[in-house]
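Summary of structural features
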Amino acid sequence: MSRPERQTVSWIRRRFDQVGLSPDTRHGQNFLVDLNLIRLLAESADPGPADVILEVGTGMGSLTALLAEKAAVVVTVEIDEHLHQLAREELEAFENVVFLRLDALRNKNHFAPAVIEAVQAELARDPARRFKLAANLPYNIATPVISNLLLWPTPPASLTVTIQKELGERIVAQPGSKDYGALSVWIQCQCRARIVRIMPPTVFWPRPKVDSAIVQMDLDPELRARIPDVAFFHQFARQMFFHRRKFLRSVAISAFGDQLGKPGVDAVLGKMGLGADARTEQLPVERILELGEAFREALAAV
């Protein structure tokens, strides 16, 4: 199967000039132009014949092609109508690519229904198929894309993405560090996450103002199975880190005081052995999971 031309700066510039286009900063268009890194991103995703891969941000289709050569299907989403058309032209030889021209997100908390439907339709074709995400994510939607996918009833087996280095550091951060927060907990409570490679601005066109990273997140079903109510815990983690510099008791009273009252909140914290000086950012993921379940049970009993 023929592969599209290589995604270099000169090639992208030429294709843009041919159709009178320029990168659209509103959509976070920074094209990865280091061929070795494009291959590293694709190899890290490890596409296989049973994989349905979602790509958010088709761009010019270079990553799409590498994925489609080995995956069962690539569902690729592009918001820009001109890039969508260019990618379709470059990838016309691939019959296992589903092109969607729309915003992948309906809003910051939900995917567009058409994206969910397309992925589910491809997964339904064979019970052996598995779902993955692989993408050079636009910076402005990276967090909601990653977070929301892990809320799906059937989340991706893996998420392989290029994102801002700062965001990557938050994903893998450990308790007590400045980067540790709700996103760290939300991902680490379900996935084994690591930074594969740090990338300077020079490997993109146009060049962003910050470093980027390839981040690999592999879903661990045993980790996820420990969470009785995934949606509740997602909201709980966000609530517990909403006021980072406050003591945990104050944050918990703000979140649950109306339902449990201060005595109820204190009872949960006392049961967990957490004193007045406890802070959320000092607690490991396991401890926050236990705390979330303790509050869920207390709320259910009201």
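Residues numbered from 1 in each chain as written. Predicted model: local features only at pLDDT ≥ 70, side-chain atom pairs only at ≥ 80, totals over all residues. Heavy atoms only, no water.

The next subject is the overall build of the protein chain. When helices and strands are tallied, the protein chain shows 12 helices and 11 strands. In terms of its C-alpha atoms, the protein chain occupies a principal-axis envelope of roughly 70 × 45 × 30 Å. Evaluated residue by residue, the protein chain yields a buried proportion of 53% over its 302 residues. Contacts in the protein chain between residues at least 24 apart in sequence constitute 67% of all its contacts with a sequence separation of at least 6. Counting only carbon and sulfur atoms, one obtains 49% of the accessible surface of the protein chain, whose full area is about 14100 Å². Charge separation in the protein chain, taken as the distance between the mean sites of 36 positive and 36 negative side-chain charges, equals 5 Å. (Helix = DSSP H or I, 4+ residues; strand = E, 2+ residues; numbered from the N terminus. Buried < 20%, exposed > 50% of the residue type's maximum accessible area, 1.4 Å probe, protein only. Contact = heavy atoms within 4.5 Å. Areas by Shrake-Rupley, 256 points an atom, 1.4 Å probe, with all protein chains shown as cover. Lys, Arg positive; Asp, Glu negative; His and termini not counted. Charge placed at Lys NZ, Arg CZ, Asp CG, Glu CD.)

Next up on the list: unusual backbone geometry. Trp205 connects to Pro206 through a cis peptide bond whose omega is -10°. The backbone of Asp46 shows a phi angle near 55°, a positive value even though the residue is not glycine. With respect to the helices and strands, Asp46 occurs in the loop between α2 (35–45) and β2 (51–56).

A few words now on the pairing of strand β8 (residues 158–164). Most of β8 sits out of view: six of its seven residues are buried. Bridge count for strand β7 (residues 130–136) against β8 is five bridges, and the pairing is parallel. Paired with Ala135 across the strands is Val161, a residue of β8. Following the backbone out of β7, through helix α6 (residues 142–149) and into the adjacent parallel β8, one traces a crossover that is right-handed. By the bridge criterion, seven bridges tie β8 to strand β11 (residues 212–219) in an arrangement that is antiparallel. Looking at β11, one finds that Leu159 is bridged to Met217. (Pairing = 2+ DSSP bridges. Right-handed = clockwise from strand over helix to strand, strands pointing away.)

Looking now at the packing of helix α10 (residues 230–240) against helix α11 (residues 248–271). Each pair of packed helices can be described by the angle between their axes along with the distance between the axes. Where α10 contacts α11, the two axes come as close as 9 Å, and the packing angle between them is 130°. Classified by the angle their axes make, α10 and α11 are oblique. Considering only the axes of α10 and α11, their crossing is right-handed. Facing Phe236, Gln239 and Met240 of α10, the residues of α11 in contact are Leu248, Val251, Ala252, Ala255 and Phe256. (Axes fitted to C-alpha atoms, helices over the stretch in contact; angles between N-to-C directions. Parallel < 35°, antiparallel > 145°, perpendicular 65-115°, else oblique. Left-handed = near helix turned anticlockwise from the far one by under 90°.)

Evaluated as defined, the whole model comprises 11 salt bridges. Residues Asp51 and Arg130 are paired through a salt bridge, measuring 2.6 Å at the closest nitrogen-oxygen approach. Of this pair, Asp51 sits in strand β2 while Arg130 sits in strand β7; the two residues are 79 residues apart in sequence, bridging distant segments of the chain. Residue Arg129 is joined to Glu122 by a salt bridge in which the shortest nitrogen-to-oxygen separation is 3.4 Å. A relative accessible area of 22% places Arg129 in the partly exposed class. (Salt bridge = Lys/Arg side-chain N within 4 Å of Asp/Glu carboxyl O.)

The buried fraction of β7 is high, at six of seven residues. Across four bridges, the pairing between β2 and β7 is parallel. Note on β7: the bridge partner recorded for Val52 is Phe131.

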